[in-house]
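Spelled out, the chains give:
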Amino acid sequence: MTDSFIQNLFADRIGGSQYGKSTAIYKFEKIKRAKRAALAANPGAEIIDMGVGEPDEMAFPEVVEQLHKEALQPENRGYADNGDSGLKQAAVRYLDKVCGVKGINPETEVLHSIGSKAALSILPGAFINPGDYVLMTTPGYPVFGTHSKYYGGLVHNLPLTEANNFLPDLDSVPKDILAKTKVLVLNYPNNPTGASATPDFFTKVVEFAKKNGVVVVHDAAYAALVFEGKPLSFLSTPGAKDVGVELHSTSKSFNMTGWRCGFVVGNELLVKAYGDLKDNTDSGQFLAIQHAAAYCFDHPEITEKIAGKYSRRMDALVKVLRDARFNARKPKGSFFLYVKAPRAAVKKSGARIDFKSAEEISQWLITEKLISTVPWDDAGAYLRFSVTFLAKDQTDEKRVLDEIGSRLNDVRFEF
Ligand SMILES: Cc1ncc(COP(=O)(O)O)c(C=O)c1O
């Protein structure tokens, strides 16, 4: 088939005239294919999916009820644009009650988002000219960096390593790059490492931002999913509002990934710039959804219940993996357990399977053990297990976790 003229019109940022022709298969597609192949090879078998990056349950019934009620209101029907004050005020109450952040002005320092992903794709437009740098943590959620590159920007990756408790080493940024850096993007509790920030680290971030004239974007998508203590907001750090914004979302904290609603909060000028770009990007989230989200932010006990479930599952998963010799340690939040990938599995017969990367063991786990995980080879070889696996009830949850244990116990892993 000859190429359509369209093929020659694609922008360089998506591959130019070569767009769609690459035969490279990306990580998540490889996982999908391996799952399909494992199912085909083992008809009727149960694949245990520990790779899912979103909640396994629906939004709570009272939230669905709110949506229904709000959807019936004629005044909610139209373009929401940058939103009314309902969600903004609930966001301010939430930050105060849940994170102890005071003094946020709901009219000038908060604006809704159609999910944090949308906000992360909009915000680079406010800063990035060709040649400007963004500091991103790796492994991580790449959306801000991807859009920065679309604008001709460059990404400097800061590795998250176990030795640094998965916090970036801000002093490691070379001087010439720092001089061209406009934004530092952080995410705690972190996807995929499950690590949490500390007040001391955030204090250092504010100092770094002020000293070097860098804006901070803190993606707090998992902020309230903590297993002990109170959620830590970047904005609770003295001076944080001078340098940055924080992104909150109903997706993970309230089982509402498909609803697409969150908020951007913090520095007034940054929120204004986000709002101006957003105005030219979307027409706002349906007000009924915004109002249901506002209900959620006034009911943080919903998140506490969800976090309680993840905490219980995490305890059990840590035990199962430790029994299989993984160095698993319960994180303080999120739903991710990030463990060092084994270098080899030795069968009882003595047969040995070597793994050169996390991707190799992840493929082996799907193919041989019908357990799906997400591999990360960006800063060391690690596997991410998510406790959002499907289970009908607590008995079934225990069965699934025991099943993982029994599938792993006929080999000895070497690290
Ligand atoms: C770190 C991180 N940020 C943002 C998102 C997207 O959140 P939202 O559903 O609010 O767009 C995700 C989703 O996986 C995530 O892991």
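From a predicted model like this one, the values you see are computed outputs, not experimental measurements.

**Brief notes about the site of the ligand**
- If you check the shell around the ligand, you find 13 residues, and the closest are Asp219, Tyr222, Ser249, Ser251 and Lys252.
- Between the ligand and the protein, one listed contact pairs an oxygen atom with a backbone N or O atom of lysine 117 at 2.8 Å.
- At 2.8 Å, a side-chain N or O of asparagine 191 approaches an oxygen atom of the ligand.
- Protein contacts shield 92% of the accessible area of the ligand, which totals 400 Å² for the unbound molecule.
- The pocket occupied by the ligand, as judged from atoms lying within 2 Å of grid points, is the largest pocket.
- When contributions to the shell around the ligand are tallied by element, the ones reaching two or more residues are helix H4 (116-122) and helix H9 (250-253).
- Looking at the shell around the ligand residue by residue, the class counts come to 3 nonpolar, 6 polar and 4 charged.

**A short note on the sheet that holds strand S13 (residues 374-376)**
- In spatial order, the strands read S9-S14-S13; together these 3 strands make up an open sheet with antiparallel pairing. What marks the edges here is a single partner per strand, and that holds for strand S9 (336-340) and S13. Within this sheet the neighbouring strands show an average axis-to-axis angle of 30 degrees, counted without direction.
- Where S13 meets strand S14 (residues 382-386), 3 bridges bridge the pair, whose relative direction is antiparallel. Note on S14: the bridge partner recorded for tryptophan 376 is tyrosine 382.
- With respect to the sheet, helix H13 (residues 358-369) is in contact with S13 and S14, its orientation differing from that of S14 by roughly 45 degrees.

**Brief notes about the sheet that holds strand S3 (residues 133-138)**
- Taken in spatial order, the 7 strands of this open sheet run S2-S8-S7-S6-S5-S3-S4, and their pairing is mixed. The open sheet has two edge strands, strand S2 (110-113) and strand S4 (154-159), and neither has a second partner. Strand-to-strand twist in this sheet, taken as the mean axis angle between neighbours without regard to direction, amounts to 20 degrees.
- As defined by bridge partners, strand S6 (residues 215-219) adjoins strand S7 (residues 244-249) across 4 bridges and the pair is classed as parallel. Each bridged residue has a counterpart across the sheet, and for aspartate 219 the counterpart in S7 is leucine 247.

**Looking at the environment of serine 172**
- With respect to the secondary-structure elements, serine 172 resides in the loop between S4 and helix H6 (175-179).
- Residue class for serine 172 comes out partly exposed when judged on its relative accessible area of 38%.
- For the pair formed by serine 172 and proline 159, sequence separation is 13 residues and the distance between their alpha carbons is 10.0 Å.
- Among the polar contacts made by the side chain of serine 172, one reaches the main-chain carbonyl oxygen of aspartate 169 at a distance of 2.7 Å.

What counts, and where the lines are drawn
- Residues numbered from 1 in each chain as written.
- Predicted model: local features only at pLDDT ≥ 70, side-chain atom pairs only at ≥ 80, totals over all residues.
- Heavy atoms only, no water.
- Near = heavy atom within 4 Å.
- Polar contact = N/O pair within 3.5 Å; in protein donor to acceptor, adjacent residues only side chain to side chain.
- Areas by Shrake-Rupley, 256 points an atom, 1.4 Å probe, with all protein chains shown as cover.
- 1 Å grid on protein atoms, 1.4 Å probe; cavity = no way out; pocket = protein on both sides within 12 Å on 5 of 7 lines; lining within 4 Å.
- Sits in = over half its atoms within 2 Å of the grid points.
- Helix = DSSP H or I, 4+ residues; strand = E, 2+ residues; numbered from the N terminus.
- Nonpolar A, V, L, I, M, F, W, Y, C, P; charged D, E, K, R; others polar.
- Pairing = 2+ DSSP bridges.
- Axes fitted to C-alpha atoms, helices over the stretch in contact; angles between N-to-C directions.
- Contact = heavy atoms within 4.5 Å.
- Buried < 20%, exposed > 50% of the residue type's maximum accessible area, 1.4 Å probe, protein only.

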